[in-house]
Amino acid sequence: MSDRKVLIIEDEKPISDIILFNLKKEGFAVETAYDGIDGLEKALGGHPDLILLDVMLPGMDGFEICKKVRETSKVPIIMLTAKEEEVDKVLGLELGADDYITKPFGMRELVARIKANIRRIDFDGNEKDGAPENVQEYGNLAIDMNRYEVRKNGEPLELTLREFELLHYLAEKESKVFSREQLLSDVWGYEYFGDIRTVDVTVRRLREKLEDDSSDPKYIMTKRGIGYYFRRA
Ligand code: CA
């Protein structure tokens, strides 16, 4: 993880400082911005490997920054949202954020999410030497656990880490129906408890990438009144 650069865009200095401290301890290079304009500039010009993005910022808000960054870059973005900003979380995912973390968050959770998101891009385009193949096949879908990649008929799909984790979780227990609450707790973790719309938004985005016709899904199926399950098309 060393030499990986994280950009923190957060106007509350005490929060930014404690993240900075913890990430440096983990060996990351860290850059900080305390307002939206500076944040966007560093996001586009500083080539970070991951961006931690606050929502409420002076100058330009986190959603606007997320949208602008996504026009040109696939860098992982984790949004930092306040507990009362329920709607905001969903909007962040809609705009292409990879993940969000609710304040106040634990540093271990944050560092774990950062590492998982970066590990995924580390495999992009460079095969790790000596890593044994770890691919699960479901009909024309291949889920590659080493590369954090899903291939459909051999073609890689561009999934976010959460989309990948959700698909992998459902596929492993093919045909088993999970409630939104179960998925939230097992795929996202306890900190997300209560935000079940997060599951719906992620399923919708996953279907758009995975299905031939997302309005007539063949892989991620809805069990009306209960939740979701996977089947091979
Ligand atoms: Ca703020």
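You'll find the structure just up there.
Everything quoted here is computed from the prediction, not taken from an experiment. (Residues numbered from 1 in each chain as written. Predicted model: local features only at pLDDT ≥ 70, side-chain atom pairs only at ≥ 80, totals over all residues. Heavy atoms only, no water.)

Take the overall build of the protein next. Broken down by element type, the protein carries eight helices and 12 strands. Counting over 233 residues, the protein shows a buried share of 52%. Look at the contacts in the protein between residues 6 or more apart in sequence, and 57% of them connect residues 24 or more apart. Looking at the protein as shown, the accessible area adds up to about 11,200 Å², and 50% of this sits on carbon and sulfur atoms. (Helix = DSSP H or I, 4+ residues; strand = E, 2+ residues; numbered from the N terminus. Buried < 20%, exposed > 50% of the residue type's maximum accessible area, 1.4 Å probe, protein only. Contact = heavy atoms within 4.5 Å. Areas by Shrake-Rupley, 256 points an atom, 1.4 Å probe, with all protein chains shown as cover.)

To continue, consider the sheet that holds strand 11 (residues 220–223). Across a sheet, paired strands are connected by hydrogen bonds in the backbone, their directions being either parallel or antiparallel. Pairing in this open sheet of three strands is antiparallel, and the strands run 10-12-11 from one edge to the other. Each end of this open sheet is capped by a strand with a single partner; those strands are strand 10 (178–179) and strand 11. Relative to strand 12 (residues 227–230), strand 10 is paired through two bridges, and the arrangement is antiparallel. When the sheet's bridge partners are listed, Ser179 is paired in strand 12 with Gly227. Running over the sheet, helix 6 (residues 161–172) touches strand 10, strand 11 and strand 12 and is turned about 70 degrees from strand 12. Across the face of the sheet, helix 8 (residues 197–210) comes into contact with strand 11 and strand 12 while running at roughly 140 degrees to strand 11. (Pairing = 2+ DSSP bridges. Axes fitted to C-alpha atoms, helices over the stretch in contact; angles between N-to-C directions.)

So, about the packing of helix 7 (residues 180–188) against helix 8. Look at helix 7 against helix 8: their axes get within 9 Å of each other, and the N-to-C directions meet at 80 degrees. With respect to helix 8, the axis of helix 7 lies roughly perpendicular. Of helix 8, the residues touching helix 7 (which contributes Arg180, Leu183, Leu184 and Trp188) are Thr198, Val199, Asp200 and Thr202. Classifying every residue of the contact of helix 7 with helix 8 gives four nonpolar, two polar and two charged. (Parallel < 35°, antiparallel > 145°, perpendicular 65-115°, else oblique. Nonpolar A, V, L, I, M, F, W, Y, C, P; charged D, E, K, R; others polar.)

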